[in-house]
Amino acid sequence: MMTADYEGLATELLRVNEELLRLPDHQQMARLSRGESFVLNYLLKHPQAHPVELSRGLAVSTARIATLLGRMERKQLISRDPDPLNNRQVIVTLSPQGLELIQRLRAAAIRSTVQMLAQLGPEDAREFVRLQKKLLSHLAAAGPTV
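Residues numbered from 1 in each chain as written. Predicted model: local features only at pLDDT ≥ 70, side-chain atom pairs only at ≥ 80, totals over all residues. Heavy atoms only, no water.

A.B. asks: Provide a residue-level description of the pattern of salt bridges, including the pertinent values.
C.D. replies: Scanning the entire structure with this criterion turns up six salt bridges. Note that Arg22 and Glu19 form a salt bridge whose closest N and O atoms lie 2.8 Å from each other. Overall, the relative accessible area of 54% leaves Arg22 in the exposed class. Residue class for Glu19 comes out partly exposed when judged on its relative accessible area of 41%. (Salt bridge = Lys/Arg side-chain N within 4 Å of Asp/Glu carboxyl O. Buried < 20%, exposed > 50% of the residue type's maximum accessible area, 1.4 Å probe, protein only.)

This is the structure we're talking about:
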């Protein structure tokens, strides 16, 4: 029976991921999980959010989120309004310009992903997605490892 060399596989996977990060299509997809794109994407799925939710989601300080939201508000991508249930808090919502931008970014990311998956072929593409979902499920259940 053959055993897996998990350390060797981990080293190889890190190398592959480093290479992927250099590719423009992969960088475009990764942008959706950072900064302004993350906030826009989050608000697309959750029509309203408190800054603390965004802070947790991005794993950055509330001060960093406040700066980010201020910049996004100046660009008219979001609006911040008083929370009617708690006037000490604000509720963040997408503006029409923010909605248009995130829809455009998501469409571009989907086009890039379609091209990437098509390179694998239908069977490998399904298997790749299945393995990603399995890994996510295991990692989410296990909690932080660092």
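Alright, that's what it looks like, and here's the rest.
A.B. asks: If you had to explain the side chain of Glu36 to someone new, which residues and values would you point to?
C.D. replies: Turning to its location among the elements, Glu36 is positioned in helix H3 (residues 35–45). With relative accessibility at 18%, the residue Glu36 sits in the buried group. Here Arg71 takes part through its side chain, which lies 3.1 Å from a polar atom of the side chain of Glu36. Setting aside chain neighbours within four positions, we find Glu36 in contact with Leu68, Arg71, Met72, Lys75 and Leu77. (Helix = DSSP H or I, 4+ residues; strand = E, 2+ residues; numbered from the N terminus. Polar contact = N/O pair within 3.5 Å; in protein donor to acceptor, adjacent residues only side chain to side chain. Contact = heavy atoms within 4.5 Å.)

A.B. asks: Give a detailed account of the pairing of strand E1 (residues 78–83), specifying residues and quantitative values.
C.D. replies: Pairing between E1 and strand E2 (residues 86–94): six bridges, direction antiparallel. By the bridge assignment, Arg80 is partnered in E2 with Val92. Remark: two residues form the turn of the hairpin made by E1 and E2, two consecutive strands paired antiparallel. (Pairing = 2+ DSSP bridges.)

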